[in-house]
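The chain contents come next:
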Amino acid sequence: MNAVICFLLIAAPPQIRVEAGKTIITQGGTTITLTADGGIKILGPTLDLIVPGDGIAPPPGPRPDALVDSIRSIYGGLLEPQKAADVATLARAYRAATWDGLTTATIADQLRGKLPAGRIAPIRERIGVEVKALLGDDPGAPITEEVRAKGKALFAKIATTLEGLR
């Protein structure tokens, strides 16, 4: 069975679609459907094969988080010898930030100067994209209750992600 699937995948690039509870691979005139419960269905010009699954679909895993994934990837690629210490410093800064300020500039001021310029810059830039998306461009913009709640959650996620880097 695996040899048939591997042969079809190697012979020519397949079209792959992922739908709820199944993955559909189409290669020429052959369609392979892999279901969440482990079932396999192969329909082709010379072969029709159905292998039922065990009926037990695995529980859905957590959805990937683009911010967390990108921070982890960036960290893995950094060659800076002090990156672990710098990330720990940045994590403490995000963990300690308070959202009691009246404007977005107040939030930014709490994070400014925690690390020398240029240190772990790619990570700081990626985090900055998320923070800017939440706070916007106006440093004088007031912090609403909605922004405060989202900001606290975002900063906690950032701190937890940074603390988990190795």
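Everything here concerns the structure above.
Description of the structure in this document. Please read all numbers here as calculations on a predicted model, not as lab measurements. Every chain is numbered on its own, with residues counted from 1 as its sequence reads. Reporting of local features is limited, given that this is a predicted model, to residues whose pLDDT is at least 70; pairs of side-chain atoms are given and counted only at 80 or more, and all residues count toward the totals for whole chains, interfaces and linings. Here the side-chain values reflect all heavy atoms present in the structure, with hydrogen atoms and water set aside.

### Details of the overall build of the chain
Alright, step 1. Secondary structure elements are taken from DSSP: a helix is a run of H or I of four residues or more, a strand is a run of E of two residues or more, and numbering for both begins at the N terminus. Helices and strands together make up the secondary structure of the chain, namely six helices and five strands.
Alright, step 2. Exposed residues in this analysis have more than 50% of their type's maximum accessible area, buried residues have under 20%, and partly exposed residues fall in between, with area computed by a 1.4 Å probe over protein chains only. Each of the 166 residues in the chain was classed as buried or not, and the buried ones make up 30%.
Alright, step 3. Here, residues are in contact when the closest pair of their heavy atoms is within 4.5 Å. Taking the contacts inside the chain whose residues are at least 6 apart along the sequence as the reference set, 53% of them involve residues at least 24 apart.
Alright, step 4. Areas reported here follow the Shrake-Rupley algorithm with a probe of radius 1.4 Å; residue values treat only the protein chains shown as occluding. As displayed, the chain has an accessible area near 10300 Å², and 61% of this comes from carbon and sulfur atoms.

### With respect to the nonpolar core
Alright, step 1. Residues belong to a common nonpolar core when they are buried Ala, Val, Leu, Ile, Met, Phe, Trp, Tyr or Cys residues joined through side-chain atoms within 4.5 Å. Judged by nonpolar contacts, the single largest core of 27 residues is most densely connected at Tyr94, Ile123, Ile127, Phe155, Ile158 and Leu162.
Alright, step 2. Listed by contribution, the elements that provide at least two residues to this core are helix H2 (66-77), helix H3 (83-96), helix H4 (104-111), helix H5 (121-135) and helix H6 (145-163).
Alright, step 3. Not counting chain neighbours up to four residues away, the residues in contact with leucine 162 comprise Ile71, Val87, Leu90, Ala91, Tyr94, Ile123 and Ile127.

### Some details on the pattern of salt bridges
Alright, step 1. The salt bridge criterion pairs a side-chain nitrogen of Lys or Arg with a carboxyl oxygen of Asp or Glu, the two atoms within 4 Å. Under the defined criterion, the tally for this structure stands at eight salt bridges.
Alright, step 2. For aspartate 65, the salt bridge identified is with lysine 157, shortest N-O distance 2.9 Å. Taken together, the positions of aspartate 65 in the loop between strand S5 (48-51) and H2 and lysine 157 in helix H6 put the pair 92 residues apart, joining distant regions of the chain.
Alright, step 3. A salt bridge links glutamate 163 to arginine 95, with the shortest nitrogen-to-oxygen separation between them at 2.7 Å. Of this pair, glutamate 163 sits in helix H6 while arginine 95 is found in helix H3, placing the two residues 68 residues apart along the sequence.
Alright, step 4. On the accessibility criterion, arginine 95 (43% relative accessible area) is partly exposed.

### Quick look at the packing of H3 against H6
Think of two packed helices as two axes; the pair is described by the angle between the axes and how far apart they sit.
Alright, step 1. Direction vectors running N to C along H3 and H6 enclose 155°, while the axes themselves pass 8 Å from each other. Taken together, the axis directions place H3 and H6 in an arrangement best described as roughly antiparallel. Handedness of the H3/H6 crossing: left-handed. Residues Val87, Leu90, Ala91, Tyr94 and Arg95 of H3 lie in contact with H6, whose contacting residues are Phe155, Ala156, Ile158, Ala159, Thr160, Leu162 and Glu163.
Alright, step 2. Amino acid classes used here: Ala, Val, Leu, Ile, Met, Phe, Trp, Tyr, Cys and Pro are nonpolar; Asp, Glu, Lys and Arg are charged; the rest, including Gly, are polar. Class assignment of the residues belonging to the contact of H3 with H6 gives a composition of nine nonpolar, one polar and two charged. Axes here refer to lines fitted to C-alpha atoms; in helices the fit is confined to the stretch in contact. Angles between the N-to-C directions go from 0 to 180 degrees. Working definition: roughly parallel below 35 degrees, roughly antiparallel above 145 degrees, roughly perpendicular at 65 to 115 degrees, and oblique for all remaining angles. Less than a right angle of anticlockwise turn of the near helix away from the far helix marks a crossing as left-handed, whereas a clockwise turn marks it as right-handed.

### Remarks on the environment of glycine 140
Alright, step 1. With respect to the helices, strands and loops of the structure, glycine 140 is situated in the loop between H5 and H6.
Alright, step 2. Residue classification places glycine 140 among the partly exposed positions, given a relative accessible area of 47%.
Alright, step 3. Other than its neighbours up to four places away in sequence, glycine 140 contacts Thr103 and Thr104.

### Observations regarding the sheet that holds strand S3 (residues 30-35)
Alright, step 1. Across the sheet, which stays open at both edges, the five strands sit in the order S1-S2-S3-S4-S5 with antiparallel pairing between neighbours. Sheet topology places strand S1 (15-19) and S5 at the edges, where each strand pairs with a single neighbour. Going across the sheet, the axis of each strand differs from the next one's by a mean of 10°, ignoring polarity.
Alright, step 2. Pairing between two strands requires that DSSP report at least two bridges joining them. Bridge count for strand S2 (residues 22-27) against S3 is six bridges, and the pairing is antiparallel. Note that in S3 the partner of threonine 26 across the bridge is threonine 31.

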